[in-house]
Amino acid sequence: MPYMPYIIGGIIAIAFAVIGFISGSLHRRKSAEATIGSAEEEARRILSEAMKNAESKKKEALIEAKDEIHQLRQETERDLRERRSEVQRQEHRIQQKEESLDRKTDNLEAKEEKLAQKAKEIEVKLEECDRIKQSQMDLLEKISGFTKEQAKAHLLEMLDGELTHEKAVKILDFEQQTRDEADKIAKNIIGHAIQRCAADHSSEMTVSVVALPNDEMKGRIIGREGRNIRALETATGVDLIIDDTPETITLSSFDPVRREIARVCLEKLILDGRIHPGRIEEMVAKATAEVEATIKQEGERAMIEVGIHGLNSELIKLLGKLHYRTSYGQNVLKHSLEVAHLSGLLAAEMGADVTLAKRAGLLHDIGKALDHEQEGSHIQLGVEAAKKCRENDTIINAIHAHHGDVEAKSVIAFIVQAADAISAARPGARRENIENYIKRLEKLEEIANSFTGVDTSFAIQAGREIRIVVKPETVSDDQMVLMSHQIAERIENELEYPGQIKVNVIRESRAVDYAK
């Protein structure tokens, strides 16, 4: 066995290794046991120190806790003492209030007893007063001869008389005060407006006069067997009056536009010198175009002068026609311009819409441009024209109401009425038929005589004043005041008149005797 020595050697080596390992382990064990013993001693030492420290800390914590508990106990006891004292004070106050309430209750009970006693005494006295009152009433009825109801009626009658007097006095004072204030304000407004508006005023008629260079021209205008004058009258619709007046021809027509066309045409024929039917027709056409252009210019000029814009072209044309239209003694376009200016000034004084007032004033008589061509009054025609041209409802109402035909619905309508009356009040601007004056006077006297107690009445000063004489035994002074007020109301409701009418009621008693 050649490997035996090697095996034995290996075994021996292993044995030595095992022995070495065992010896090393024993040595390490002893070393470890020694180390563990020292560690246990160290641990016991540390634990002993820790126990000592914990004991000291415990004693310190106990001492601190005892101190804190002592402080808390003192604070709690202090709070309790304070609360006890507060409770005691509250109880004391409540006790005082209860005592006070008890005293007040006792006082109230005493007062209630006194009041009950006084109430009984008052009831007794009231019964006694009723007996005395009844005895006095019986005595008064016996002395006066009036029963209670009769006396009450007499007192009411006396009171009614006193109230009538007071009412009459109050009405007089109030009317006078209102009249003074209204007159002052109205005069101020109208005065300012009139002062700032100065319009030309002219009187025009329904005829025009054309000057001729010589009397020979009359024959040429008449023509052979009158053919020229017939052609001219037929083409223009105007009557030519050729009389003994030297070097003049009179054109007569109620249509002012036609009359103006005839005047322009005749002047052109006189300047041209060639007068025959064919030339007349040509000149009439030229004159018509020229007058229509003038009409448009006058309408535009009026619109610019008033300071309004946006008028319908048809309304501008109608305004221009008013340049040749007269009403009584006024040129209607000048009158319309004056009314427009006055309306604007009045509106400015009153704080109303100035532009709207001017527009209404300018258009208020627009129907007079149509009343020669269409049926109807100038108010109806003007309203229809304004509606056709889509004017403002306020403008239409102002046109419709400027003569009082309908109710004025805006301040603009009242302003236009006033401005129209101011313009028409210029000297010579209006002429009124005497029949209208007579009818107005008769109606005034009829209204006055319809009142009970009126003896007679007289309308004077062209109807601007009505004097009424009443029967003094029927109408008292107080009733006279009320009567004047009622008559004035009747006149306002039933009559149409310019300006104002003074109602003068007269009451007097006369005793006449003769010494012989």
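Residues numbered from 1 in each chain as written. Predicted model: local features only at pLDDT ≥ 70, side-chain atom pairs only at ≥ 80, totals over all residues. Heavy atoms only, no water.

Draft legend 1. Region of the structure containing the overall build of the chain. Secondary structure assignment for the chain yields 14 helices and eight strands. Across the 516 residues in the chain, those meeting the buried criterion constitute 29%. In the chain, 62% of the contacts between residues at least 6 apart in sequence involve partners at least 24 apart. (Helix = DSSP H or I, 4+ residues; strand = E, 2+ residues; numbered from the N terminus. Buried < 20%, exposed > 50% of the residue type's maximum accessible area, 1.4 Å probe, protein only. Contact = heavy atoms within 4.5 Å.)

Draft legend 2. The arrangement of unusual backbone geometry in detail. Of note, the phi angle at E225 is positive, near 55°, even though the residue is not glycine. Accessibility expressed as a relative area gives 72% for E225, which makes it exposed. Phi at R390 is positive, roughly 60°, even though this residue is not glycine. Mapped onto the secondary structure, R390 falls in the loop between α10 (378–388) and α11 (393–401). Taking relative accessible area as the criterion, R390 reaches 78% and is therefore assigned exposed.

Draft legend 3. Geometry of the sheet that holds strand β7 (residues 465–470). Read from one edge to the other, the open sheet built from three strands follows the order β6-β7-β8, with strand pairing classed as mixed. With one partner strand each, in any of the chains shown, β6 (454–460) and β8 (502–506) form the two edges of the open sheet. The average angle at which neighbouring strand axes cross in this sheet is 15°, direction not considered. One ladder, built from six bridges, connects β6 with β7; its direction is antiparallel. Its bridge partner being in β7, F458 is matched across the sheet by R467. Across the sheet, helix α14 (residues 477–494) is in contact with β6, β7 and β8; its angle to β8 comes to roughly 150°. (Pairing = 2+ DSSP bridges. Axes fitted to C-alpha atoms, helices over the stretch in contact; angles between N-to-C directions.)

Draft legend 4. Seen up close, the pattern of salt bridges. One pass over the structure, following the stated rule, counts 17 salt bridges. When the shortest N-O distance is used, the salt bridge between E260 and R263 registers 2.5 Å. Remark: R263 and E260 occur in helix α5 (residues 256–272); sequence separation between them is three residues, near one turn of the helix. Taking the relative accessible area as the measure of exposure, E260 reaches 15% and is therefore buried. With relative accessibility at 22%, the residue R263 sits in the partly exposed group. With a shortest N-O distance of 2.8 Å, D477 and R507 are connected by a salt bridge. (Salt bridge = Lys/Arg side-chain N within 4 Å of Asp/Glu carboxyl O.)

Draft legend 5. Up close: the confidence of the model for the chain. With 87% of its residues at a pLDDT of 70 or more, the chain has an overall mean of 81. Ranking the elements of the chain by mean pLDDT puts helix α2 (residues 148–195) last, at 72, and helix α9 (residues 354–363) first, at 90. Low confidence marks residues 198–204, where pLDDT is under 50. Its contacts with residues over four positions away, or in another chain, come to 17 contacts. (pLDDT = per-residue confidence, 0-100.)

Draft legend 6. Region of the structure containing the pairing of β8. Taking every second residue as pointing to the same face, the buried face of β8 carries V503 and V505, while none of K502, N504 and I506 on the other face is buried. Bridge analysis of β7 against β8 gives five bridges, and the strand direction is parallel. In the strand pairing of β8, V469 is matched with I506.

Draft legend 7. Representation of a nonpolar patch on the surface in the model. The grouping of I8, I12, F16 and I19 at the surface amounts to a nonpolar patch, some 420 Å² of accessible area in total. Tracing the backbone shows F16 in helix α1 (residues 4–144). The exposure class assigned to F16 is exposed, which follows from its relative accessible area of 60%. (Patch = residues over 30% accessible without salt bridge, like charges linked within 9 Å, V, L, I, M, F, W, Y side chains within 5 Å. Areas by Shrake-Rupley, 256 points an atom, 1.4 Å probe, with all protein chains shown as cover.)

Draft legend 8. Representation of the nonpolar core. If you look at the biggest cluster of nonpolar residues, it comprises 43 residues, and the most contacted ones within it are L311, L319, L362 and L363. Of all the secondary structure elements, the ones that give two or more residues to this core are α6 (277–306), α7 (313–321), α8 (332–350), α9, α10, α11 and α12 (411–424). With eight residues, α8 is the largest single contributor of residues to this core. Setting aside its immediate chain neighbours within four residues, L311 contacts M303, I316, L319, R359, L362, L363 and E391. Grouped together as the second largest cluster of nonpolar side chains are 26 residues, M217, I249, L269 and I295 included. (Core = buried A, V, L, I, M, F, W, Y, C linked by side-chain atoms within 4.5 Å.)

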